[in-house]
Amino acid sequence: MSRVLLIEDDRAVREGVTLTLRRRGHEVEAAPNGEAGLAALGAFRPDLVLLDLMLPDLSGFEVCRRIRATQQLPIIMLTARGDDIDVVLGLEAGADDYIVKPARGEVLEARIRAVLRRAAPADGGGPEGAARPAEVHGDLVVDRAGLVVSKHGKDLALAPSEMKLLLHLSATPGRVHSRQQLLEHVWEHSYHGDARLVDACVMRLRTKVEDSTRSPRYIQTVRGFGYRFGPL
């Protein structure tokens, strides 16, 4: 199973989540604050980070930004409130998903599995995973099998949700996808999910692939419907 780094200052929550995940076979390293969590990254080498937003030293937002500056680990935010501002700021900082505490073990497990699948190499079984030469879309080169996207010959550092979103949209250039369709495919939220996940991910992705976020060439908005890739 996966190696999970939990950064949570509430002792009861920290112990409860740790026990829940270990019972499901995960290896867990728990840190009580942001500095300890960042220090644990190198030695523990987690597959995923569960990150509380409300930390006593460094904020969860700052911890998320620092992780994203050097690594593209999957990050799931933990928030005690369904607060709009907290959620949006966390997503803009680079989180892949979020969970409102307290969360049941089944919810934690489902979200962890979903976000890890986004970070896994393609298996060749579907349209995004089929073994074939890298695709060229304008200035972007997309290697679906290797999960590598480059622009002008330089590899782009894409978080798991950003990579999965780009792969999904670019598989059918010109086709419009609703936010709900993207939630179901990229985030695996089969219920009526939170469109902010999609919008924040699009915003982050545009800063990495577009020459101008004001006039996007690749990730285009179709007002009233959703998003599409191109046409270029």
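Here, every reference points to the structure presented above.
Scope of this entry: the structure provided in the associated data block. What you are looking at is a predicted structure, and each value in this text was computed from that prediction instead of being measured. Residue numbering note: each chain is counted from 1, following its sequence as written. Residues qualify for local features only when their pLDDT is at least 70, as the model is predicted, and side-chain atom pairs are given and counted only at 80 or more; totals for whole chains, interfaces and linings, by contrast, use all residues. Note that the side-chain values use all heavy atoms of the structure and ignore hydrogens as well as water.

Focus: helix H6 (residues 160–170)
Here's how the labels work: a residue is buried when its accessible area is under 20% of the maximum for its type, exposed when over 50%, partly exposed in between, all with a 1.4 Å probe on protein chains only. Secondary structure elements are defined from DSSP: runs of H or I of at least 4 residues count as helices, runs of E of at least 2 residues count as strands, and each element is numbered from the N terminus. Burial within H6 is extensive, with 11 of its 11 residues counted as buried. Listing the buried residues of H6 in full gives Pro160, Ser161, Glu162, Met163, Lys164, Leu165, Leu166, Leu167, His168, Leu169 and Ser170.

Focus: the sheet that holds strand E3 (residues 48–52)
Read across the open sheet, the 5 strands follow the order E2-E1-E3-E4-E5; overall the sheet is parallel. Strands with a single pairing partner mark the edges of an open sheet, and in this sheet they are strand E2 (27–31) and strand E5 (97–100). Each adjacent strand pair in this sheet contributes to an overall mean axis angle of 20°, direction not counted. In this scheme, strands are said to pair when DSSP sees at least two bridges between them. Judged from the 5 bridges that link them, strand E1 (residues 3–7) and E2 form a sheet pairing that is parallel. Axis angles are defined between N-to-C directions and span 0 to 180 degrees, where every axis is a line fitted to C-alpha atoms and, for a helix, only to the segment in contact.

So, helix H2 (residues 34–44)
If you check which residues of H2 are buried, you get Gly34, Gly37, Leu38, Ala40, Leu41 and Phe44. Within H2, the buried residues cover an arc of 160° as seen down the axis, which keeps them to one side. Facing away from the buried side of H2 by more than 90 degrees, the exposed set consists of Ala39, Gly42 and Ala43. Residue contacts are counted whenever heavy atoms from the two residues lie within 4.5 Å of one another. In this structure, the buried side of H2 is in contact with E1, E2, E3 and helix H3 (60–70). As used here, the arc belongs to the directions running from the helix axis to the C-beta atoms.

Points about the sheet that holds strand E6 (residues 135–137)
In a beta sheet, neighbouring strands are held together by backbone hydrogen bonds and run either parallel or antiparallel to one another. One open sheet accounts for 4 strands, arranged E6-E7-E8-E9; its pairing is antiparallel. Both outer strands of the open sheet, E6 and strand E9 (154–155), are each paired with one neighbouring strand and no more. Sitting on the sheet, H6 touches E6, strand E7 (140–143) and strand E8 (148–151), and the angle it makes with E8 is about 80°.

Topic: the pattern of salt bridges
By definition here, a salt bridge exists when the distance from a side-chain nitrogen of Lys or Arg to a carboxyl oxygen of Asp or Glu is within 4 Å. For the coordinates displayed, the defined rule picks out 19 salt bridges. Between Asp97 and Arg111 there is a salt bridge, and its shortest N-O distance comes to 3.6 Å. With Asp97 in strand E5 and Arg111 in helix H5 (residues 105–119), the pair connects residues that are 14 residues apart, well separated along the chain. With relative accessibility at 0%, the residue Asp97 sits in the buried group. Between Arg217 and Asp139 there is a salt bridge, and its shortest N-O distance comes to 3.9 Å. With a gap of 78 residues between them, Arg217 in the loop between helix H8 (195–209) and strand E10 (219–222) and Asp139 in the loop between E6 and E7 connect regions that are remote in the sequence. Looking at Arg217, the relative accessible area reads 36%, which means it is partly exposed. Each member of the salt-bridge network shares a partner with another, and the members are Glu8, Asp52 and Lys101.

Regarding the side chain of His137
Inspection of the secondary structure puts His137 in strand E6. Non-local contacts of His137, meaning those with residues more than four positions away in its chain, are made with Val142, Ser170, Pro173, Tyr218, Phe229 and Leu232.

Regarding the environment of Ala171
Within the fold, Ala171 resides in the loop between H6 and helix H7 (179–187). Owing to a relative accessible area of 36%, Ala171 belongs among the partly exposed residues under this scheme. Taking the C-alpha atoms as reference points, Ala171 and Arg144, 27 residues apart in sequence, are found 9.6 Å from one another.

Digging into the nonpolar core
In this structure, Val49 and Ile219 are the most contacted members of the largest nonpolar core, which totals 49 residues. Broken down by element, the residue count for this core peaks at 7 residues, all from H8. Setting aside residues no more than four positions away along its own chain, Ile219 makes contact with Leu166, Leu169, Val202, Leu205, Arg206, Val209, Glu210, Arg228 and Phe229. Side-chain atoms within 4.5 Å link the members of a nonpolar core, which is a set of buried Ala, Val, Leu, Ile, Met, Phe, Trp, Tyr and Cys residues. The next biggest cluster of nonpolar side chains, apart from the first, holds 13 residues, and it includes Val17, Leu78, Ile112 and Val115.

So, the packing of helix H4 (residues 84–93) against H8
Two elements in contact, H4 and H8, have axes whose closest approach is 9 Å; the angle formed by their N-to-C orientations is 35°. Considering how the two elements wind past one another, H4 and H8 form a crossing that is right-handed. The segment H4 lies against H8, with Asp84, Val87, Val88, Leu91 and Glu92 engaging Arg196, Leu197, Ala200, Met203 and Arg204. A crossing counts as left-handed when the near helix is turned anticlockwise from the far one by less than a right angle, and as right-handed when that turn is clockwise.

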